[in-house]
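Each chain, letter by letter, is given below.
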Amino acid sequence: SDNSLFIQNDSRGQRFIIIYVDDLVIEGEHLEDIEHTKRLLSYRFEMTDMKELHYFLGIEVIWTLDGILISQRHYILNLLFKFGMTKCMPIATSLDRNQMIDADSRTTRYEPTQYRQLVNNLIYLTITRPNLSYSVDLISQFMQTPRNVHLDCAKRVLRYVSGTMGFSILNKLGNSIRLEGYTHADWAGYKANRRSTSRFVFSLGSGTISCSSKKQPTVALSSTEAEYKGVVVAACEAIWLKRILKNLGARIEDLILLYWDNVSIIHLAHHRVFHAWTKQIEVHYHFIRELS
């Protein structure tokens, strides 16, 4: 978790590098190769073999007959204790969609250090809780000058998490290794400046491996433009994930399925005809068409 690297000089003036690694996970298809790698590392470094993976950087790994469960229950308990929320009342949703949250709120300013620590901890929690992505993305936009209303929203996320600590991601055994993605954008959903939010989630087999919820940098002039910007972001993520998986030696199918629910976007991705109201997204169109 805390890696350190030092460059020192020996008695002869030659430089050498010392690397300290607290946690290291070795993955592979064949047990013999894994054992060989561990022996090679043990010759050069002082290390302890913890055998089968159960806990890594706050992520719990539970081996079952159906597959592998990944959760952060212990991390959540520590998070609630750290911010004095162990006895909080659980709540059914992580965000009140009717509440107006903006940077120009007239409520009292809150000390930013603790707020930033809370939000950073919640960002790390989205590794196994992709359903928190939108809420965490919203509260992370006020890290510079947080106010009490923003702190209340962050604590609401903690209250929701306290009641859903049993949620986890299941990676089933025997599932086909297919990379699939789902993308969606809400047009002008952010009330403060009417920007849209792009969202995507990717799964490999049965488990989620990547998710995102991020406000778009510019205002979309139509729902079609907002959705198309979201598709572009998801397509870039799909290309990156495919390259990473191939570098890891995973045998995935070449075809990546990307799902979205906007009829206009489907037509734009398959037809070369552009109307005047779609001219502003022509560059994004060419990128998507090359991938389809």
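Residues numbered from 1 in each chain as written. Predicted model: local features only at pLDDT ≥ 70, side-chain atom pairs only at ≥ 80, totals over all residues. Heavy atoms only, no water.

1. Regarding the sheet that holds strand E10 (residues 257–259)
Ordered by their spatial adjacency, 4 strands build an open sheet running E9-E8-E7-E10, and the pairing between neighbours is mixed. If you trace the sheet from one side to the other, it starts and ends with strand E9 (207–215) and E10, each paired once. With direction set aside, neighbouring strand axes in the sheet form an average angle of 15°. Inspection of the sheet shows strand E7 (residues 179–186) paired to E10 by 3 bridges, in the parallel sense. Following the sheet pairing, Glu180 is matched in E10 by Leu257. (Pairing = 2+ DSSP bridges. Helix = DSSP H or I, 4+ residues; strand = E, 2+ residues; numbered from the N terminus. Axes fitted to C-alpha atoms, helices over the stretch in contact; angles between N-to-C directions.)

2. Quick word on the nonpolar core
Judged by nonpolar contacts, the single largest core of 30 residues is most densely connected at Tyr115, Leu118, Leu122, Leu125, Leu132, Ile139 and Leu158. At the level of elements, helix H2 (73–82), helix H3 (112–125), helix H4 (133–139) and helix H5 (148–162) are the ones that each hand at least two residues to this core. In terms of residue count, H5 provides more of this core than any other element does, 7 residues in total. Once you skip the residues sitting within four places of it in the chain, Leu122 turns out to touch Leu79, Val136, Ile139, Ala154, Val157 and Leu158. Of all hydrophobic cores here, the second largest spans 9 residues; its members include Leu179, Phe200, Leu204 and Ala238. (Core = buried A, V, L, I, M, F, W, Y, C linked by side-chain atoms within 4.5 Å. Buried < 20%, exposed > 50% of the residue type's maximum accessible area, 1.4 Å probe, protein only. Contact = heavy atoms within 4.5 Å.)

3. Points about empty space enclosed by the protein
Throughout the structure, instances matching the rule amount to 1 cavity of 30 Å³ or more. In this structure, the largest cavity encloses a volume near 30 Å³. Tyr134, Asp137, Leu138, Gln141, Tyr190, Thr197 and Lys215 are the residues that line the largest cavity. Ranked by residues supplied to the lining of the largest cavity, first place goes to H4 with 3 residues. (1 Å grid on protein atoms, 1.4 Å probe; cavity = no way out; pocket = protein on both sides within 12 Å on 5 of 7 lines; lining within 4 Å. Points joined across faces, edges and corners; volume = space filled by probe spheres on them.)

4. As for the pattern of salt bridges
Under the definition given, this model contains 4 salt bridges. Ionic pairing is found between Lys38 and Glu35, a salt bridge with its closest N-O pair at 3.3 Å. With Lys38 and Glu35 both in helix H1 (residues 31–44) and 3 residues apart, this pair spans about one turn of that helix. In this structure Lys38 comes out as buried when scored by relative accessible area, which is 16%. A single salt-bridge network, built from bridges that share partners, covers Glu35, Lys38 and Asp49. (Salt bridge = Lys/Arg side-chain N within 4 Å of Asp/Glu carboxyl O.)

5. Remarks on unusual backbone geometry
Backbone geometry places Leu57, a non-glycine residue, at a positive phi of 55°. Relative to the elements of secondary structure, Leu57 occurs in the loop between strand E3 (55–56) and strand E4 (59–63). Look at Leu57 and you get partly exposed, because its relative accessible area is 31%.

6. Observations concerning the pairing of strand E8 (residues 197–204)
For E8, the tally of buried residues reaches 6 of 8 residues, placing the bulk of the element in the interior. Note: E8 against E9, 8 bridges, orientation antiparallel. Bridging from a neighbouring strand, Ser203 pairs with Thr208 of E9. In sequence, E8 turns back onto E9 through a hairpin of 2 residues, with Gly205 there showing a positive phi of about 75°.

This is a description of form; function is not addressed.
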